[in-house]
Structures are given as structure tokens and as C-alpha cells.
Amino acid sequence: MSACLAECPGPGLRRMQVPDVEAVLAIENAVYEFPWSRGNFIDSLAAGYEAWLLAEGTTVTGYFLALQGVDEMHLLNISVAPGQQGRGHARAMLDVLCRLCRQAGCLQLWLEVRQSNERARALYRRYGFTEVGQRRAYYPAANGLREDAVLMSLQLPAQEVGA
Ligand SMILES: CC(C)(COP(=O)(O)OP(=O)(O)OC[C@H]1O[C@@H](n2cnc3c(N)ncnc32)[C@H](O)[C@@H]1OP(=O)(O)O)[C@@H](O)C(=O)NCCC(=O)NCCS
């Protein structure tokens, strides 16, 4: 975990910690048909993934988790509470993530999104991500079927000195 990320939270943003997982799970279970489990979040925190909350006190509005590589970042989960969607929270979290990427020296941001998730794909496209590939049968789907993922990527400018 980069020291820089720990020092550069955005407004209303703080690191996710184990006691936050119940509030996070409530959102996760509300917004996904196939949500991450409690164990997925606990393991991600234990593994030192970048895990951030948009929160006022104990009220969580949204969160994201990302895995940092040498010079790239992989966004694993970004979610906004149902009653809080459409207000720019996801875009604000992506702004923070991009800033953190640049400060950590990451030049590329990757993510997978369900082919059917038009809302998220629209968010990412409008944000500047490009659809660069497909992962066949990547996600579980209803009736025991699988759904393809769209692989998306955002190129980030190299960090300016002092930024
Ligand atoms: C996808 C999600 C994270 C977007 O969060 P959000 O806070 O509602 O998004 P924002 O308000 O920041 O909107 C940003 C963009 O999303 C898109 N968007 C937002 N609301 C939308 C809606 N009702 N219909 C279609 N597109 C919409 C728009 O492209 C918008 O772009 P704009 O700001 O230029 O208008 C949120 O809907 C969510 O949590 N969904 C369930 C979990 C999920 O699918 N996560 C992504 C997994 S890959």
C-alpha cells in the first residue's frame, strides 16, 4: 500500500476498515444481484487493497476497492447506495481514484464491468474509459448461466512534479 494514498484522501473519503464492512455489505447486497461476500471484503482489507469509503460519520454513501500494481491500478468494486445514485458520487470517487493513481505513479486504470450494466458502462465511457476487450463468461448470472465482462481502460497522464 503506498504511503501517498494514505495521505491523500478526498473530501468525505476515508479508508474502509473492518468495522465498516456491515454498512458496506448493506449497500453491496442492495445494488448487486451477485454481491461480494463479507469474506471478500475482509480478505481485501487484509490483503491491503486500496479500500475507501465516501462517508459522513457512520453513514456510508459509497465505496471503492482497487488493487495497485507496479504502474497500474485495477478497480475491483465501485458502488453507491441506492438512494444516493445519480448525484455524482461515483464520478467524485473516480476523480479521487485517478488522483491517487497519478500520485502512486500508476499510468493506467483497468476495470471489468458486466456487459448488461449499461449505467456503469455509461459512467465509465463518459469519464473517458475505453472498452478494450471482453472476458467471456466472467460473471455468474441468473439460472446458473454466465455473463461476459467488458474490459475497460483509462490512460492517465504521468504525474507532474509537486502535483
Ligand atoms: C454505477 C454507479 C456506481 C454510478 O454511481 P452514481 O453515483 O449514480 O453515478 P454518478 O451520479 O457519478 O453519475 C456519473 C455518470 O453515470 C451515468 N449515470 C448516472 N446516473 C445514471 C442513470 N440514472 N442512467 C444512466 N446513466 C447514469 C452517467 O453517465 C453519469 O454521467 P454524467 O455525470 O456525465 O451525467 C451506481 O449506479 C451503482 O452503485 N450501481 C450499482 C453497482 C454497480 O453497478 N457498480 C459498477 C460495477 S462495474
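Everything quoted here is computed from the prediction, not taken from an experiment. (Residues numbered from 1 in each chain as written. Predicted model: local features only at pLDDT ≥ 70, side-chain atom pairs only at ≥ 80, totals over all residues. Heavy atoms only, no water.)

1. Details of the UniProt feature "binding site: acetyl-CoA" (unreviewed entry) in the protein
Line of reasoning, step 1. UniProt marks Asn117 with the feature "binding site: acetyl-CoA" (unreviewed entry), using the numbering shown here.
Line of reasoning, step 2. Within the secondary structure, Asn117 sits in the loop between strand 5 (108-114) and helix 5 (118-127).
Line of reasoning, step 3. By relative accessible area, Asn117 is classed as partly exposed at 30%. (UniProt positions renumbered as here; feature names shortened; annotations may be inferred. Helix = DSSP H or I, 4+ residues; strand = E, 2+ residues; numbered from the N terminus. Buried < 20%, exposed > 50% of the residue type's maximum accessible area, 1.4 Å probe, protein only.)

2. What about the UniProt feature "active site" (unreviewed entry) in the protein?
Line of reasoning, step 1. Feature annotation in UniProt places "active site" (unreviewed entry) on Glu112 and Tyr124, given in this structure's numbering. Within the annotated group just given, the residues that line the largest pocket are Glu112 and Tyr124.
Line of reasoning, step 2. The topology assignment puts Glu112 in strand 5.
Line of reasoning, step 3. Setting aside residues up to four positions removed in sequence, Glu112 forms contacts with His74, Arg135, Tyr138, Tyr139, Ala149, Val150 and Leu151.
Line of reasoning, step 4. At a separation of 2.9 Å, a polar atom in the side chain of Glu112 contacts the side chain of His74.
Line of reasoning, step 5. Within the secondary structure, Tyr124 sits in helix 5. (1 Å grid on protein atoms, 1.4 Å probe; cavity = no way out; pocket = protein on both sides within 12 Å on 5 of 7 lines; lining within 4 Å. Contact = heavy atoms within 4.5 Å. Polar contact = N/O pair within 3.5 Å; in protein donor to acceptor, adjacent residues only side chain to side chain.)

3. Considering the sheet that holds strand 2 (residues 50-56)
Line of reasoning, step 1. What the seven strands build is an open sheet, ordered 1-2-3-4-5-7-6; its pairing is mixed. Two strands bound the open sheet, and with one partner strand each, they are strand 1 (13-15) and strand 6 (130-140). Between one strand axis and the next, the sheet turns through 30° on average, direction left out of account.
Line of reasoning, step 2. Summarising the sheet, strand 6 and strand 7 (residues 146-155) pair through seven bridges and their orientation is antiparallel. Bridge pairing links Tyr139 to Glu147 in strand 7.
Line of reasoning, step 3. Sitting on the sheet, helix 4 (residues 89-103) is in contact with strand 1, strand 2, strand 3 (59-68), strand 4 (72-80), strand 5 and strand 7, with an inclination near 160° to strand 4. (Pairing = 2+ DSSP bridges. Axes fitted to C-alpha atoms, helices over the stretch in contact; angles between N-to-C directions.)

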